Amino acid sequence: QVQLEESGGGLVQSGGSLTLSCAASGRTYSRYVMGWFRQALGKEREFVAAISWSGSTTAYADSVKGRFTISRDNAKNTVYLQMNSLKPEDTAVYYCAADPERVGAPHRSYEYHYWGQGTQVTVSS
């Protein structure tokens, strides 16, 4: 069992940066694959980025590749999403997700068992 809590969302101008954090509590966090998803108003939840439990494997949606970076600090039980060059279309609620059984950096929402409550990111033009 793991609980996830996102933080770091907010309002930023186009071209700006934000760093999201996801703090996990529970056992053997370091063995969980972690992912970030987002859901814009009126749209389906979509994959953003994922990282393997060791941090050696990452995956990104094409829409954020080169602008976003996912990382994790297993000593702090935290995963991060550094977001640069933000665009208005990045506006969404961002969710952190975790799974203890998967390997690699899965990109489908059904591959994650645990989810956070989400944090709002709004990018103004």
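Now for a look at the structure at hand. Since the structure is predicted, the reported quantities are computational estimates derived from the model, not experimental observations.

1. Let's talk about the overall build of the protein chain
For step 1, the next point in the chain: If you tally the helices and strands in the protein chain, you get zero helices and 11 strands.
For step 2, the next point in the chain: Going residue by residue from the N terminus, the α and β elements of the protein chain occur as β-β-β-β-β-β-β-β-β-β-β.
For step 3, the next point in the chain: Once the C-alpha set of the protein chain is aligned to its principal axes, its extents read approximately 40 × 25 × 25 Å.
For step 4, the next point in the chain: Residues counted as buried form 41% of the 125 residues belonging to the protein chain.
For step 5, the next point in the chain: If you sum the accessible surface of the protein chain, you get close to 6,500 Å²; carbon and sulfur atoms cover 45% of it.
For step 6, the next point in the chain: When the 12 basic and 11 acidic side-chain charges of the protein chain are each reduced to a single mean position, those positions are 3 Å apart.

2. Focus on the side chain of Arg72
For step 1, the next point in the chain: The residue Arg72 is located in strand E7 (residues 68-73) in this model.
For step 2, the next point in the chain: Here the side chain of Arg72 touches Tyr32 through a polar contact of 2.8 Å, landing on its backbone oxygen.

3. So, the pattern of salt bridges
For step 1, the next point in the chain: Overall, the coordinates contain five salt bridges when judged by the stated rule.
For step 2, the next point in the chain: Of the charged contacts in the structure, one is a salt bridge between Asp90 and Arg67, with a shortest N-O distance of 2.8 Å. Remark: Arg67 occurs in the loop between strand E6 (58-60) and E7 and Asp90 occurs in the loop between strand E8 (78-83) and strand E9 (92-99); sequence separation between them is 23 residues. For the pair formed by Asp90 and Arg67, the shared burial category is buried.
For step 3, the next point in the chain: Taking the shortest distance from any N to any O, the salt bridge between Glu111 and Arg108 comes out at 3.9 Å.
For step 4, the next point in the chain: Overall, Glu111 belongs to the buried group, its relative accessible area being 11%.
For step 5, the next point in the chain: The network of salt bridges with common partners includes Arg38, Glu46, Arg67 and Asp90.

4. Concerning unusual backbone geometry
For step 1, the next point in the chain: At Asn77, a position not held by glycine, the phi torsion is positive, near 55°.
For step 2, the next point in the chain: Mapped onto the secondary structure, Asn77 falls in the loop between E7 and E8.
For step 3, the next point in the chain: You will see that Ser85, though not glycine, has its phi angle at about 50°, which is positive.
For step 4, the next point in the chain: The exposure class assigned to Ser85 is partly exposed, which follows from its relative accessible area of 41%.

5. Structural notes on the nonpolar core
For step 1, the next point in the chain: Of all hydrophobic cores here, the largest spans 35 residues; its most connected members are Leu4, Met34, Trp36, Leu81, Met83 and Tyr94.
For step 2, the next point in the chain: For this core, the elements supplying multiple residues, two or more each, are strand E1 (2-7), strand E3 (18-26), strand E4 (33-39), strand E5 (46-51), E7, E8, E9 and strand E11 (119-124).

Here is what the cut-offs are and how they apply
- Residues numbered from 1 in each chain as written.
- Predicted model: local features only at pLDDT ≥ 70, side-chain atom pairs only at ≥ 80, totals over all residues.
- Heavy atoms only, no water.
- Helix = DSSP H or I, 4+ residues; strand = E, 2+ residues; numbered from the N terminus.
- Buried < 20%, exposed > 50% of the residue type's maximum accessible area, 1.4 Å probe, protein only.
- Areas by Shrake-Rupley, 256 points an atom, 1.4 Å probe, with all protein chains shown as cover.
- Lys, Arg positive; Asp, Glu negative; His and termini not counted.
- Charge placed at Lys NZ, Arg CZ, Asp CG, Glu CD.
- Polar contact = N/O pair within 3.5 Å; in protein donor to acceptor, adjacent residues only side chain to side chain.
- Salt bridge = Lys/Arg side-chain N within 4 Å of Asp/Glu carboxyl O.
- Core = buried A, V, L, I, M, F, W, Y, C linked by side-chain atoms within 4.5 Å.

On their own, these measurements won't tell you what the molecule is for.
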